Each structure stands twice: as C-alpha cells, then as structure tokens.
Amino acid sequence: MRITALAGGVGGARFLRGLLRHLEHRSATASGEAPTRITVIGNTGDDITLFGLRVCPDIDTILYTLGGGVHEGQGWGRADETHSLATELAALGATPQWFTLGDKDFATHVYRSQLLGRGMPLSQVVSRLSARWGLPDLGVTLLPMTDTPVETHVVVEEDGEQRAIHFQEWWVRHQAALPAERFVVAGLDQATAAPGVLDAIRETDVVLLPPSNPVVSIGIILGVPGVRDALRGTRAPVVGVSPLVGGRPVRGHADACLRAIGVEESSAGVAGLYEDFLDGWLVDEQDPMPAGRPSARSRLEVEHRPLLMSSVDAAADLAGAALDLGLRLREDRASRVTA
Ligand code: GDP
Ligand code: CA
C-alpha cells in the first residue's frame, strides 16, 4: 500500500507517528501484506534564516518525532536539550532572541546550512537528515514541498500602519496576538514542487491530510504550483482530519489564521478550504457537522471520531480511522467503476 500525507509540524508529526503505530499493529495481524510506503510532503513556508543558518521547523519536527528524538512536552525541538549556544549568542547581543534553539537542534541547522551552501537542494538535505533519524527503515520518505526557498509572511497592522513580518515572528514572538490582515508567501508563485511531490499525490492509494493548520501548514503546501491540481486529479481518495475540537484548535492559533482569511472557525469552514478535492473528513464526536454526505451531490463523506491525540495509541486509532475511511472510499470507487 502507498500512502501520501501533507504535513505541517506538531499536528502532522503526531498524526504520522500514530499512523506508523497503527500500521505496525495492522501488519502484525495481516501477515503477507506488502510493507506500506508513506510519502510525507512537508511544509517549508515556516522556514527562516537565523544567525546565518537555515531552519526548517516543520520538517525538523517530523524528523525528530518519527525518529524518537522529539521533546515530548513541547512537541518540537529535541529531548534532553541544553542551551549553551543560545546563552552565548544572547551574551553577544545577537538577535533574535525570541526563537528557541537548543544545542542539539543547532547541529541540524549547521549541517543543513553547510550542505545548502555547497549547492545541495533541500530535498537531498532532507534525505540525509531522514537517514540520520531512521525514516527509510520506517518506510517513510519525507519530501519538502519545494526546493525553492519560500517564506510565509504575515501582514499585520500596528499603530495604524501595515507591515509584513516573518510568520515565525508573528507566531512565536507575538503569539499571533497582532491581528493578521493576510498571509503572503514570498517566492511561492515562482516555486516548483520538489522532485517526487506531484507523483506521490498522483500515484498513491490514499492521500491523508493530518490535522495540521489548514492555513499556514496545509494551505501553504496547496499553494505550491501543481499540488492542488494533482490533488484534484488523483484517483486516490483524499481523507482529512479536522484540527478543531469544540470549535477551537487543539493547540496553536489556527483560529486566528482562519479569521485572517475570512473563513469560519469550524470543521465545516476548514473542509470548505479543501472542497475541490476532499473525499473524507473526520470531525470530533461532538462536532456539529452532520455525519454522512452533506448533500446527495456532495463527494464528501463525514465521520465522527475522537480527535484528540492524547497518546501515541490515541493518534494510532485516529490515523487508523482516517486510513480505513480512505480504503473504504477507494473500494467504493473501484466497485462503481467495475459495476
Ligand atoms: P505546527 O506546524 O507545529 O503548528 O503543526 P501543524 O500545522 O502540523 O498542526 C497544528 C494543528 O494541529 C493545530 O491547528 C491543532 O489544532 C492541531 N492539533 C494539534 N494536536 C491535535 C490533536 O490532538 N487532535 C487534533 N484533531 N488536532 C490537533
Ligand atoms: Ca509550522
């Protein structure tokens, strides 16, 4: 089986770790099934250059989480970190100081910057880092959405004046408290999908959208030229998981992001962002969105599930439910084609 997933940082990584756990259980019960191959298309809109180093927060969160090196409580960064380098940089007066980088994490950014500086495309750098974290042995290929450097900027209004700041400055420094006017992704219209990205969407059995931020994670990947068309055109069902529980994001500021683009802060609002390609949608048990098909002509199938990834097992159940829905929709299609 082939699975392709689009992913941001923490929400995406926890879902994918659950998916791997689910597949472990599945292969233990269904012997003889060929091993599943998962291709993850990661958001690089969050990328930022700090202290001369290229930092890819979402990609690194996936590497650390799947590789067993993540700081569990934070959901990002490395476990058992020290901060000597950041302390010394602060003593030097180096800025910014609002972005936390631990010593082990710094090594990733130094190595990545060294390879990029030699002219290696980001996708090859990510492949090197993936090997460090054992992703190939897990059956996972992690691809950045593009090798072209892109950066999400947020247009904010302060003291009656509009200015664009880097997404990380808005998110981390201001905790998304500055009202956002809009998001602008520098470089995105000129970007090309990284090698393998479009094929991974076209030639797969199921596409999964983890509960990643619909605007600044999934939404950015959808903006890479060709990605949205590939999703519209793929024969594989596309199944997503709502990031909202009780009408609010489980963590982070997805509500502020949705407000900024004028979309209702609800699972139905988020599904509307994907309506031209979404086939299955998991919403929380208490979600007001009705189960089944919103209308006879709708392609969308809505199911209610517990959406909280409070443990790896809970994430495995959620990922298993998303995969099962995808496989069922796939069978339905196949039987309709042969009927
Ligand atoms: P980021 O890049 O680190 O912000 O992570 P993502 O974009 O991948 O995911 C962030 C989104 O995941 C947020 O909008 C959260 O609401 C959502 N999220 C986080 N934990 C959970 C969870 O346990 N269940 C669900 N359904 N969504 C979650
Ligand atoms: Ca992110």
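Higher on the page you've got the structure.
In this report, we go over the structure that sits alongside the text. Bear in mind the structure is a predicted one, so any value in this text is a computation, not a measurement.

**Details of the site of ligand 1**
Around ligand 1 lies a shell of 19 residues, among which Ser212, Ser217, Val250, Leu307 and Met309 are the nearest. In the model, an oxygen atom of ligand 1 is placed 2.9 Å from a nitrogen or oxygen of the Gly9 main chain. At 3.2 Å from an oxygen atom of ligand 1 is found a main-chain nitrogen or oxygen belonging to Gly11. In the complex, 92% of the free accessible area of ligand 1, which totals 590 Å², lies under the protein chains. When atoms are counted within 2 Å of each cavity's grid points, the one that captures over half of ligand 1 is the largest pocket. Counting residues per element, the shell around ligand 1 draws most heavily on helix H1 (residues 10-29), at 3 residues. Of the residues contributing to the shell around ligand 1, the split by class is 9 nonpolar, 8 polar and 2 charged.

**A word on the pattern of salt bridges**
For the structure shown, the criterion picks out 22 salt bridges. A salt bridge links Arg232 to Asp229; the nearest nitrogen and oxygen atoms lie 3.0 Å apart. Here Asp229 and Arg232 lie together in helix H9 (residues 227-233), a separation of 3 residues that amounts to about one turn. Through salt bridges that share partners, Arg293, Glu301, Glu303, Arg305, Arg328 and Asp332 make up one connected network.

**Things to note about the coordination of the calcium ion (ligand 2)**
Here the calcium ion (ligand 2) is held by the protein donor atoms Asp46 (OD), Asp58 (OD) and Asp58 (OD), which lie 2.0 to 2.6 Å from it. Separated by 12 residues along the polypeptide, Asp46 in the loop between strand S2 (37-42) and strand S3 (48-50) and Asp58 in helix H2 (residues 57-66) bring together distant segments of the chain. Asp58 carries the same exposure label as Asp46, and that label is buried.

**Overview of the environment of Arg330**
Along the chain, Arg330 falls in helix H12 (residues 312-338). Since its relative accessible area comes to 34%, Arg330 is described here as partly exposed. The contact partners of Arg330, leaving out residues within four places of it in the chain, are Asp205 and Pro237.

**Overview of the sheet that holds strand S8 (residues 180-186)**
Pairing in this open sheet of 3 strands is antiparallel, and the strands run S7-S6-S8 from one edge to the other. Only two strands of the sheet have a single neighbouring strand rather than two, namely strand S7 (161-166) and S8. The sheet shows a mean angle of 30° between the axes of neighbouring strands, direction not considered. The pairing of strand S6 (residues 151-158) with S7 spans 6 bridges and is antiparallel. Paired with His153 across the strands is His166, a residue of S7.

**Overview of the nonpolar core**
Ranked by internal contacts, the top residues of the largest apolar core, which has 51 residues, are Trp170, Phe183, Leu231, Tyr274 and Trp281. Leave out the neighbours within four places in its chain, and Trp170 touches Val154, Val156, Ile165, Gln175, Ala176, Leu178, Ala180, Phe183, Ala256 and Cys257. In terms of nonpolar packing, the next biggest core, distinct from the first, is built from 44 residues, Leu23, Leu142, Val239 and Ala315 among them.

**Description of the sheet that holds strand S9 (residues 206-209)**
Judged by pairing direction, the sheet is parallel, and its 7 strands sit side by side in the order S5-S2-S1-S9-S10-S13-S14 without closing on themselves. Whereas interior strands pair on both sides, the edge strands pair on one side only; in this sheet they are strand S5 (140-144) and strand S14 (301-305). Mean inter-strand twist for the sheet, computed between neighbouring axes without regard to direction, equals 20°. The sheet contact formed by S2 and S5 spans 5 bridges and is parallel. Note that in S5 the partner of Gly42 across the bridge is Pro144. Lying on the sheet, H1 is in contact with strand S1 (2-7), S2, S5, S9 and strand S10 (238-241); it crosses S1 at an angle near 160°. Relative to the sheet, H2 contacts S1, S2 and S5, its axis offset from that of S5 by approximately 165°.

Calculation rules
Residues numbered from 1 in each chain as written. Chains lettered and ligands numbered in written order. Predicted model: local features only at pLDDT ≥ 70, side-chain atom pairs only at ≥ 80, totals over all residues. Heavy atoms only, no water. Near = heavy atom within 4 Å. Polar contact = N/O pair within 3.5 Å; in protein donor to acceptor, adjacent residues only side chain to side chain. Areas by Shrake-Rupley, 256 points an atom, 1.4 Å probe, with all protein chains shown as cover. 1 Å grid on protein atoms, 1.4 Å probe; cavity = no way out; pocket = protein on both sides within 12 Å on 5 of 7 lines; lining within 4 Å. Sits in = over half its atoms within 2 Å of the grid points. Helix = DSSP H or I, 4+ residues; strand = E, 2+ residues; numbered from the N terminus. Nonpolar A, V, L, I, M, F, W, Y, C, P; charged D, E, K, R; others polar. Salt bridge = Lys/Arg side-chain N within 4 Å of Asp/Glu carboxyl O. Donors = N, O, S within 2.8 Å, 3.2 Å for Na, K, Ca; no water. Buried < 20%, exposed > 50% of the residue type's maximum accessible area, 1.4 Å probe, protein only. Contact = heavy atoms within 4.5 Å. Pairing = 2+ DSSP bridges. Axes fitted to C-alpha atoms, helices over the stretch in contact; angles between N-to-C directions. Core = buried A, V, L, I, M, F, W, Y, C linked by side-chain atoms within 4.5 Å.

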